[in-house]
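Each chain is listed here by its residues.
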Amino acid sequence: MTNKTIALHASLEDPDTGAPVTHFVVAQYTVRTLNSPGCQALLQGYVSQSAYETGKRALSHIAVEIPTGVPEGVDALQWLYEQVPLAEGALFGAVPVNAAEGI
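A quick note: this is a predicted structure, and the numbers were derived from the prediction, not measured.

Chemist: Help me out: how do you make sense of the environment of Pro 20 in this one?
Modeler: When you line up the elements, Pro 20 lands in strand β2 (residues 20-32). A sequence separation of 55 residues divides Pro 20 from Asp 75, and the C-alpha atoms of the two residues are 30 Å apart. Not counting chain neighbours up to four residues away, the residues in contact with Pro 20 comprise Leu 12, Val 47 and Leu 59.

Below, the structure is given as structure tokens:
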């Protein structure tokens, strides 16, 4: 059985408030199919996993460009959670948060 990734963990700071932002969830994604295939994931950042789980507002948003499109036949959301930590930018190297584990 494979663990389902539900978020990414990274230690960042909100540039407007200076507050720590550690829990990132994919809120939206866009897939480009014409001219320059690829996709973009928009992640919402929360102070903590518990802040997200209790319905607090997101503190920040990060858009991540993925240079390839989502392969056919895969769970797009799970694929994005695998690709975002590999893409250059603020969430490079982020750690997956699995449904069974949490952080």
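Chemist: Just to check I follow, could you spell out the side chain of Thr 22 for this structure?
Modeler: For Thr 22, the position within the fold is in strand β2. Those residues in contact with Thr 22, other than ones at most four positions away along the chain, are Leu 8, His 9, Ala 10, Ser 11, Tyr 46, Val 47 and Ser 48.

Chemist: Could you clarify how one ought to interpret the packing of aromatic side chains in this entry?
Modeler: One pair of aromatic rings is described through two measures. These are the centre distance and the angle between the planes. For the structure shown, the criterion picks out one aromatic pair. Taken together, a centroid distance of 5.0 Å and an interplanar angle of 65° make the contact between Tyr 46 and Tyr 52 edge-to-face.

Chemist: Quick question: what am I supposed to make of the sheet that holds β2 here?
Modeler: Neighbouring strands of a sheet are bound in pairs by backbone hydrogen bonds; such pairs are parallel or else antiparallel. What the five strands build is an open sheet, ordered β4-β3-β2-β1-β5; its pairing is antiparallel. Pairing within the sheet leaves two strands with one partner each, and these edge strands are β4 (60-66) and β5 (95-98). In this sheet, adjacent strand axes meet at a mean angle of 35° when their direction is disregarded. The strands touched by helix α2 (residues 76-83) are β1 (5-13), β2, β3 (38-46) and β4; relative to β2, the strand with the most contacts, the crossing angle is about 125°.

What counts as what
Residues numbered from 1 in each chain as written. Predicted model: local features only at pLDDT ≥ 70, side-chain atom pairs only at ≥ 80, totals over all residues. Heavy atoms only, no water. Helix = DSSP H or I, 4+ residues; strand = E, 2+ residues; numbered from the N terminus. Contact = heavy atoms within 4.5 Å. Phe/Tyr/Trp six-rings, centres within 6.5 Å; stacked < 30°, edge-to-face > 60°. Pairing = 2+ DSSP bridges. Axes fitted to C-alpha atoms, helices over the stretch in contact; angles between N-to-C directions.

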